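Summary of structural features
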Amino acid sequence: MENAGRLRAAMGTEPGRLRLIGAVLAGLTLLFGLSTYAELSDRAEAAKTARQSSQPLSRAAADIYRSLADANTTAASGFLAGADEKPEVRERYEERIGNASTLLSSAAGQVGDSDAAEALITGLNAELPTYTGLVETARANDRQGLPLGSAYLRYADEQMQETLLDPAAELYELETARYQRDLADARAWPWLSTALGGAALAALGWAQWRQYRRTNRVLNPGLVAATAAAGLLLAWLVGAHTLARSALNDAENGPGQALTTLSDAWTEAMRARGSENLTLVSRGGDIATAQNNTTFEDDYQASMDRLLADDEGAEAGLLRQALTRVGSEAGGAQVEAAIAASQQWRQRHGDVTTAETEGDYEEAIQLVIGETDSTGQSFDRVDGELRDAVGLQQKEFRAAVGSGVNWLGPVPSLAVGLALLAGTAIVLGIGRRLAEYR
């Protein structure tokens with residue numbers, strides 16, 4: 001009670017009120033600085049995580065899927081060639097399997113606290129040897145001229161689709177969602193810091209107006225310096241975050257969307273090639289696949305429709321969607337080349353279907369895996385163009401996010417410095433007024 005009485009008595013004097021005003025102003029500016037430091041540090045860290053971790057992990061998950069799909073496709077191509085299988089085809093199969101294993105091992109160490117992602121990676125690692133064992137059994141039976149070879153390969157494809165590709169697709173969706181959350185966190189507006197900055201400036205303005213009303217002195221150097229420091233920090237906060245947010249929006253809506261669409265197109269091309277090969281491995285499109293009771297030929301046509309549909313807007317094929325989303329001339333040229341190669345591929349596939357329907361199985365095989373005018377050559381061009389396009393968009397994405405990081409990076413340190421400067425100036429400014437009462 002005695003202390004409360006002394007406080008009330010002190011507040012009844014001008015020096016006491018000045019001390020309280022100084023404490024509030026200093027506390028408010030320091031709180032503004034600390035809030036800015038915390039919020040902008042979090043956003044800069046989220047942007048760095050998106051650039052260096054979560055988006056690369058999303059891409060790695062897509063690469064896992066494509067490596068597995070390409071291995072499956074290549075295994076079917078080698079099976080079609082039989083004893084004439086070229087060493088480079090076998091090497092490609094082994095390379096893709098090895099690449100998938102390496103990516104899975106790397107991803108396992110980077111998934112953090114995501115139990116779902118960890119479970120998917122564990123399952124993929126466990127099922128991959130089962131798939132490769134089935135492929136080797138199919139090859140061994142085929143080398144001996146046993147008809148069981150094609151049955152084993154079809155079973156291997158079923159295992160690939162159900163126990164490897166489906167979980168790999170789910171892993172890609174999980175990692176993509178995580179990187180999009182990181183980008184959203186980096187773009188989130190620092191409302192608390194902005195509000196505290198506005199409150200600090202308003203309080204400083206009121207304190208100086210109050211001084212003018214009581215003393216007719218227009219300026220208090222300390223309070224003016226504090227106002228300038230707080231105003232500079234607020235302007236830097238708003239400006240830097242606005243520019244960073246714009247860069248991050250550009251990253252997501254430009255190369256980020258293009259990357260997603262190109263990855264989907266690349267994956268769809270892999271599916272189409274696998275279905276095409278397995279149509280011949282099955283020796284007829286009338287054998288239904290296990291997943292959806294459609295034939296491999298049906299699956300091929302559905303994949304090509306998703307790649308090349310001519311409709312407008314959301315119904316356009318993936319390649320045409322990608323063409324509208326890539327932001328550079330070089331990227332557009334790569335996608336256009338992929339479209340042209342896909343159209344050629346589909347045209348050549350018609351010749352494959354004709355030969356297979358007429359019973360000329362050997363001719364159909366050559367039209368699929370041969371060295372001249374084959375669908376395999378067309379697919380390789382699609383594969384190469386999409387690989388290059390994805391690599392280019394990845395660079396553009398990293399550059400755009402890097403720009404956002406560069407804008408956000410200096411603000412936390414600046415916030416601490418300017419807040420301390422403002423707080424010190426307030427103490428000196430109020431102290432100068434208090435000295436007049438001694």
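Described in the following lines is the structure provided in the data block.

Definitions and limits used
- Residues numbered from 1 in each chain as written.
- Predicted model: local features only at pLDDT ≥ 70, side-chain atom pairs only at ≥ 80, totals over all residues.
- Heavy atoms only, no water.
- Salt bridge = Lys/Arg side-chain N within 4 Å of Asp/Glu carboxyl O.
- Axes fitted to C-alpha atoms, helices over the stretch in contact; angles between N-to-C directions.
- Helix = DSSP H or I, 4+ residues; strand = E, 2+ residues; numbered from the N terminus.
- Parallel < 35°, antiparallel > 145°, perpendicular 65-115°, else oblique.
- Left-handed = near helix turned anticlockwise from the far one by under 90°.
- Contact = heavy atoms within 4.5 Å.
- Nonpolar A, V, L, I, M, F, W, Y, C, P; charged D, E, K, R; others polar.
- Core = buried A, V, L, I, M, F, W, Y, C linked by side-chain atoms within 4.5 Å.
- Buried < 20%, exposed > 50% of the residue type's maximum accessible area, 1.4 Å probe, protein only.
- Polar contact = N/O pair within 3.5 Å; in protein donor to acceptor, adjacent residues only side chain to side chain.
- Patch = residues over 30% accessible without salt bridge, like charges linked within 9 Å, V, L, I, M, F, W, Y side chains within 5 Å.
- Areas by Shrake-Rupley, 256 points an atom, 1.4 Å probe, with all protein chains shown as cover.
- Lys, Arg positive; Asp, Glu negative; His and termini not counted.
- Charge placed at Lys NZ, Arg CZ, Asp CG, Glu CD.
- Expected span 1.5 Å × (residues − 1).
- Bend = angle between axes of the 7 residues up to and from the residue.

Things to note about the pattern of salt bridges
By the definition in use, this model includes 19 salt bridges. A salt bridge links Glu-95 to Arg-96; its shortest N-O distance comes to 3.4 Å. Here the residues in one salt-bridge network are Asp-70, Arg-92, Glu-95, Arg-96, Asp-380, Asp-383 and Arg-387, joined through shared partners.

With respect to the packing of helix α7 (residues 221–281) against helix α11 (residues 361–369)
Where α7 meets α11, the axes come as close as 10 Å, and the angle between the chain directions of the two elements is 160 degrees. Relative to α11, the element α7 lies roughly antiparallel. In this structure, α7 meets α11 at a crossing whose hand is left-handed. Taking contact as the criterion, the partners of Arg-273, Glu-276, Asn-277, Leu-280 and Val-281 in α7 are, on α11, Tyr-361, Ala-364, Ile-365, Val-368 and Ile-369. Here the residues of the contact of α7 with α11 sort into seven nonpolar, one polar and two charged.

Describing the nonpolar core
In this structure, Leu-68, Tyr-131, Leu-171, Leu-262, Leu-319 and Trp-345 are the most contacted members of the largest nonpolar core, which totals 70 residues. Take this core: its biggest share by element is 13 residues, from helix α2 (residues 14–81). Apart from the residues lying within four places of it in its own chain, the contact partners of Leu-319 are Ala-265, Leu-307, Leu-308, Val-335, Ala-338, Ile-339, Ser-342 and Leu-386.

Observations concerning the side chain of Thr-267
Relative to the helices and strands, Thr-267 is located in helix α7. On the basis of relative accessibility, which here comes to 12%, the residue Thr-267 falls in the buried class. Of the polar contacts made by the side chain of Thr-267, one reaches the backbone oxygen of Ser-263; its length is 2.9 Å. The contacts of Thr-267, once residues within four sequence positions are left out, are Tyr-65 and Arg-66.

Details of a negative patch on the surface
A contiguous patch of negative charge on the surface is contributed by Asp-351, Glu-358, Asp-360, Glu-362 and Glu-363. Within the element layout of this structure, Asp-360 appears in the loop between α10 (329–357) and α11. Since its relative accessible area comes to 37%, Asp-360 is described here as partly exposed.

Quick notes on α7
With 61 residues, α7 should reach 90 Å at 1.5 Å per residue; the first-to-last C-alpha distance of 86 Å fits that figure. Gly-256 marks the point of greatest bend in α7, at about 35 degrees. The N-cap of α7, judged by a side-chain oxygen 3.0 Å from the amide nitrogen of Gly-222 a few residues on, is Asn-220.

Points about the packing of helix α9 (residues 318–325) against α10
Two packed helices can be described by the angle between their axes and the distance between those axes. As a packed pair, α9 and α10 sit with axes 9 Å apart at the nearest point and diverge in direction by 165 degrees. Between α9 and α10, the interaxial angle falls into the category roughly antiparallel. Classified by chirality, the crossing of α10 by α9 is left-handed. Contacts from Leu-319, Arg-320, Ala-322 and Leu-323 in α9 reach Gly-332, Val-335, Glu-336, Ala-338, Ile-339, Ser-342 and Gln-343 in α10. Tallied by class, residues from the contact of α9 with α10 come to six nonpolar, three polar and two charged.

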